[in-house]
Amino acid sequence: MFKFFRLINIFRMAKNSYKYFFDPKIPKKYKLIPTFAFFYLIAPLDLLPELRILGIGYFDDLFIVYLLLRWFENLCEKYLNKQNYIKTDYEVKEKEEEK
């Protein structure tokens, strides 16, 4: 059961990362993180070489991509929350004269 919820979390994170990647409000410097994750996934440089037995070498690639997308999602959520917090309307009300 726990593995099922973990899988749902991974799909949610991937969906949110995709949404944030094409959001024009997110700075371009944040968008470099999923770009790097994609290139790391397809690049021949690895922490563990791919083994023919059980494909163990692919786990490190997927783990690093997972960490990078998780970091990207957290950065974007913090950035958007900060923007929503800063952009507020303020009104200065004059004191009513006491009669």
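Look above for the structure.
Quick notes on the rules
Here, residues in each chain are numbered from 1, in the same order as that chain's written sequence. With the structure being a predicted model, the display of local features is reserved for residues of pLDDT at least 70 and the display and counting of side-chain atom pairs for 80 or more, all residues being used for whole-chain, interface and lining totals. Excluded from the side-chain calculation are hydrogens and water; included are all heavy atoms of the structure. Residues are called lining when one of their atoms sits within 4 Å of a cavity or pocket point, these points coming from a 1 Å grid over the protein atoms alone, where a cavity is a set in which a 1.4 Å probe fits but cannot get out and a pocket is an open set with protein on both sides within 12 Å along at least five of seven lines. Grid points are joined across faces, edges and corners, and a volume is the space filled by probe spheres set on the points. We count a stretch as a helix when DSSP gives it H or I for four or more residues in a row; a strand needs E for two or more, and each element gets its number in order from the N terminus. Each residue gets one label: Ala, Val, Leu, Ile, Met, Phe, Trp, Tyr, Cys and Pro are nonpolar, Asp, Glu, Lys and Arg are charged, and the others, such as Gly, are polar. Within 6.5 Å between ring centres, the rings of Phe, Tyr and Trp (the latter by its six-membered ring) count as paired, and their orientation is classed by plane angle as stacked under 30 degrees, edge-to-face over 60, tilted in between. The classification of residues rests on relative accessible area computed with a 1.4 Å probe and restricted to protein chains. Under 20% of the type maximum is buried, over 50% is exposed, and intermediate values are partly exposed. Throughout this description, the term salt bridge denotes a Lys or Arg side-chain nitrogen within 4 Å of a carboxyl oxygen of Asp or Glu. Should any heavy atoms of two residues lie within 4.5 Å, those residues are considered in contact.

Re the layout of surface pockets
- Taken as a whole, the largest pocket holds about 280 Å³ of empty space.
- Residue assignment for the lining of the largest pocket shows that the elements contributing at least two residues are helix H1 (2–21), helix H2 (28–42) and helix H3 (57–86).
- Of the residues contributing to the lining of the largest pocket, the split by class is 13 nonpolar, two polar and no charged.

Regarding the packing of aromatic side chains
- Tallied over the full model, the rule gives five aromatic pairs.
- Ring geometry for Phe21 and Phe22: centres 5.2 Å apart, planes at 90 degrees, overall edge-to-face.
- When its relative accessible area of 28% is taken as the criterion, Phe21 is described as partly exposed.
- Pairing Phe36 with Tyr40 gives two aromatic rings, centres 6.4 Å apart and planes at 35 degrees, and the pair type is tilted. Separated by four residues within a single helix, Phe36 and Tyr40 lie in helix H2, roughly one turn from each other.
- Through a chain of ring-to-ring contacts, three or more aromatic side chains come together here, namely Tyr18, Phe21 and Phe22.

Brief notes about the environment of Leu68
- Looking at the secondary structure, you find Leu68 in helix H3.
- It is 9.7 Å that separates the C-alpha atoms of Leu68 and Phe38, two residues lying 30 residues apart in sequence.

Description of the pattern of salt bridges
- All told, the structure shown has one salt bridge when counted by the stated rule.
- Among the salt bridges present, the one from Arg12 reaches Glu73, with a minimum N-O distance of 2.9 Å. With Arg12 in helix H1 and Glu73 in helix H3, this residue pair connects regions lying 61 residues apart in the sequence.
- Owing to a relative accessible area of 2%, Glu73 belongs among the buried residues under this scheme.

Considering the side chain of Ser17
- Inspection of the secondary structure puts Ser17 in helix H1.
- Here Ser17 falls in the buried class, since its relative accessible area comes to 4%.
- Beyond its immediate chain neighbours, meaning those up to four positions away, Ser17 contacts Leu69, Phe72 and Glu73.

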